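Coordinate analysis (summary)
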Amino acid sequence: MTLTVIEPATELVLAELPQAGVEQADAAVARAKAAFPGWRAVTPRDRGRILGGLADALDAQLEALAQLEARNAGKPIGDARGEMGMVVETFRYYAGAPERLLGDTIPVAGGIDMTFREPLGVVALIVPWNFPLTIASWKVAPALAAGNTVVLKPAELTPLTALELERIAVAAGLPEGVLNVVVGPGRTVGERLTSHPDVAKVAFTGSTEVGRRVAEAAAASIKRVTLELGGKSASIVFADADIERAAAAAPMAVFGNAGQDCCARSRILVERSVLDPFMAELERHVLALRVGDPLDEDTEIGPLISSSHRETVASFLSDGAPVAFRGSAPEGPGYWFAPTVLGPIDSQDRAAREEIFGPIACVIPFTGEEEAIRLANDTIYGLSGSIWTRDGARALRVARLLDTGVLSINSNTSVRVTTPFGGFKQSGVGRELGPHALEHYTEVKNVYYATEAS
Ligand code: NAD
């Protein structure tokens, strides 16, 4: 079987690849299983050195990787360079981890009690198309640092940088079989990996719907599971905020990566008393957005990933929610969609409740802190969010009451290599990045050594 990879900005064929099926998934798991005893036995220092060497090798290929990711995922080249920089930093950060996987000693009677953090074995990593290599690196780097071997399944739409990662890793000295990339459909390769008896853990990023299926399949053999799923995050703009700054930051917090961002602040909650000035500022910034060719250095927003995804996104405009204003987008080939602001809309509207995963923002007015918190939490999701206010005490009071994993105050940033990332509620289970990720790629083993005859 052949997999045809399309460039979303041109609708032209970017690559034709062999497509894996269940048999290739099984073979990849077998290679990873065979490589596990050797990889876990590599000394912590050498494991760190190999991962550091991989970071350097990726850094040397940064521009080529960025160009490939920009073309395959339709993302602006500047964004793609930033993402590849994060990939390098992620491998660099976890290169320091093998020598820091510390255990405890626990005071007990009659002997010495100690804990070890042991690798799990073969881990299956399943990733989506919106940040293909970045999200893969958040999983591959801590998994390898902890001594696991890996089978990585990229999304069918964006497999190219994952294949490059495998090639670069082997050239950088990662032993054969430690990292195995399998390019194939979710319903065959993905399902096989989540139910394979030799896979100890599945780390999945994708939709909540598929995440539920992954958790069900993994339950049969009690695999460890971490899930990074959908979002419907809120940015809360209080009347005492720097309105100009909040309105200037809001567009890219929703429309960045053409809205195909699990952390998109797609619900903008605005205190009623400042709704008019906020909307006026927001409109000015949205109309100035540059949507176009991902390889043009000035582009801020590229196309959507596919024609069918564009249809799904467009369906949110046919429900009758009021369109406040729209930016512009190119005509012709490419899956373009003009950035659109709906509002003011009701928090019960479909566009305000479902993850759109496209460049549509919903503005929802509120009155007072209590209503802001209630509206922000009124969702099945809980991934990210922002609070805009000049009142520091209020910012922290509200932050503690929001059911969400990642929050920014007077900022829309979500991820850093060194800090934990993940969701509350149906946005997921577990944390990636920072020291927290390592907990999900190791088991704690407790060993008691009797020092006195009992
Ligand atoms: P998706 O759930 O359709 O696919 C994700 C991956 O799962 C792909 O590799 C796909 O092939 C695979 N897959 C599909 N069916 C499977 C099955 N039955 N068993 C195992 N694997 C299967 O998601 P997508 O459309 O690629 O990505 C968009 C979604 O990802 C959005 O909902 C978005 O919010 C979410 N996302 C979440 C995060 C996060 O960190 N929380 C980050 C990025 C994207």
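Since this is a predicted model, take the numbers as computed values, not measurements.

1. Focus on the pattern of salt bridges
Working definition: two side chains of opposite charge can pair if their charged atoms are close together. Enumeration over the complete set of coordinates arrives at 26 salt bridges. A salt bridge links glutamate 209 to arginine 213; its shortest N-O distance comes to 3.7 Å. Highlighted residues: glutamate 209 and arginine 213, both in helix α8 (residues 208-219), separated by four residues, approximately one helical turn. For glutamate 209, a relative accessible area of 55% puts it in the exposed group. Through salt bridges with shared partners, a single ionic network connects Asp56, Asp59, Glu89 and Arg92.

2. Observations regarding the sheet that holds strand β7 (residues 179-181)
Spatially, β7-β6-β5-β8-β9-β17 is the arrangement adopted by the six strands of the open sheet, whose pairing is mixed. With partners counted over all chains shown, the strands left at the sheet margins are β7 and β17 (428-429), one partner each. Pairing of strand β6 (residues 149-153) with β7 involves three bridges; the strand directions are parallel. When the sheet's bridge partners are listed, valine 151 is paired in β7 with asparagine 180. Relative to the sheet, helix α7 (residues 186-195) contacts β5 (122-126), β6 and β8 (201-205), its axis offset from that of β6 by approximately 155 degrees.

3. A word on the domain arrangement of the protein
Partitioning the protein into structural domains gives domain 1 (2-229) and domain 2 (234-409). Using C-alpha coordinates to define each centre, domain 1 is positioned 31 Å away from domain 2. The partner domain 2 presents 23 residues to the 25 residues of domain 1 that form the contact. With both chains or domains summed, domain 1 and domain 2 bury close to 1,900 Å², and 61% of this area falls on carbon and sulfur atoms. Here domain 1 and domain 2 share one salt bridge between them. Taken together, the connections running from domain 1 to domain 2 amount to seven residue pairs in polar contact (both at pLDDT 80 or more). Contributing elements (two or more residues each) for the side of domain 1 that touches domain 2: α3 (62-73) and α4 (77-95). The biggest single contributor to the side of domain 1 that touches domain 2 is α3, with five residues. Broken down by class, the residue content of the side of domain 1 that touches domain 2 amounts to eleven nonpolar, seven polar and seven charged.

4. Examining a nonpolar patch on the surface
Together, Ile106, Val108 and Tyr448 give the surface a local cluster of nonpolar side chains, amounting to about 250 Å² of exposed area. Examined against the element boundaries, isoleucine 106 turns out to sit in strand β3 (residues 105-108).

5. Concerning helix α2 (residues 44-60)
With 17 residues, α2 should reach 24 Å at 1.5 Å per residue; the first-to-last C-alpha distance of 24 Å fits that figure. Those residues of α2 that sit buried are Arg47, Gly48, Ile50, Leu51, Gly52, Leu54, Ala55 and Leu58.

6. Remarks on the packing of aromatic side chains
Tallying each qualifying case throughout the model produces four aromatic pairs. Summarising the aromatic geometry, the rings of tryptophan 129 and phenylalanine 357 are spaced 5.4 Å apart at their centres and angled 75 degrees between planes, so their arrangement reads as edge-to-face. Highlighted residues: tryptophan 129 in the loop between β5 and α5 (132-145) and phenylalanine 357 in the loop between α12 (350-353) and β14 (360-366), separated in sequence by 228 residues. The burial state of tryptophan 129 is the same as that of phenylalanine 357; both residues are buried. Taking 5.5 Å as the distance between ring centres and 85 degrees as the angle between the ring planes, the aromatic pair formed by phenylalanine 238 and phenylalanine 366 counts as edge-to-face. Taken together, the residues phenylalanine 238 in the loop between β10 (234-237) and α9 (243-255) and phenylalanine 366 in strand β14 connect sequence positions 128 residues apart.

7. Some remarks on the sheet that holds β3
The strand order across the open sheet formed by three strands is β3-β4-β18, and the pairing between neighbours is antiparallel. The two strands at the open ends of the sheet, each matched to only one other strand, are β3 and β18 (442-450). In this sheet, neighbouring strand axes are inclined to one another by 25 degrees on average, regardless of whether the strands run parallel or antiparallel.

8. Some thoughts on helix α14 (residues 392-401)
Burial in α14 covers these residues: Arg394, Ala395, Val398 and Ala399. Mapping the buried residues of α14 onto a view down its axis gives an arc of 130 degrees, with all of them on the same face. Across from the buried face of α14, at angles greater than 90 degrees, the exposed residues are Leu396 and Arg400. Tucked into the core, α14 has its buried residues touching β10, β11 (267-271), α13 (368-377), β15 (385-388) and β16 (408-409). Measuring from the side-chain oxygen of the N-cap residue of α14 to the backbone nitrogen of alanine 393 gives 3.1 Å; that N-cap residue is aspartate 391.

Rules used throughout
- Residues numbered from 1 in each chain as written.
- Predicted model: local features only at pLDDT ≥ 70, side-chain atom pairs only at ≥ 80, totals over all residues.
- Heavy atoms only, no water.
- Salt bridge = Lys/Arg side-chain N within 4 Å of Asp/Glu carboxyl O.
- Helix = DSSP H or I, 4+ residues; strand = E, 2+ residues; numbered from the N terminus.
- Buried < 20%, exposed > 50% of the residue type's maximum accessible area, 1.4 Å probe, protein only.
- Pairing = 2+ DSSP bridges.
- Contact = heavy atoms within 4.5 Å.
- Axes fitted to C-alpha atoms, helices over the stretch in contact; angles between N-to-C directions.
- Domains from an automatic or database assignment.
- Buried area = accessible area lost by both parts, 1.4 Å probe.
- Polar contact = N/O pair within 3.5 Å; in protein donor to acceptor, adjacent residues only side chain to side chain.
- Nonpolar A, V, L, I, M, F, W, Y, C, P; charged D, E, K, R; others polar.
- Patch = residues over 30% accessible without salt bridge, like charges linked within 9 Å, V, L, I, M, F, W, Y side chains within 5 Å.
- Areas by Shrake-Rupley, 256 points an atom, 1.4 Å probe, with all protein chains shown as cover.
- Expected span 1.5 Å × (residues − 1).
- Phe/Tyr/Trp six-rings, centres within 6.5 Å; stacked < 30°, edge-to-face > 60°.
- Arc of directions from axis to C-beta.

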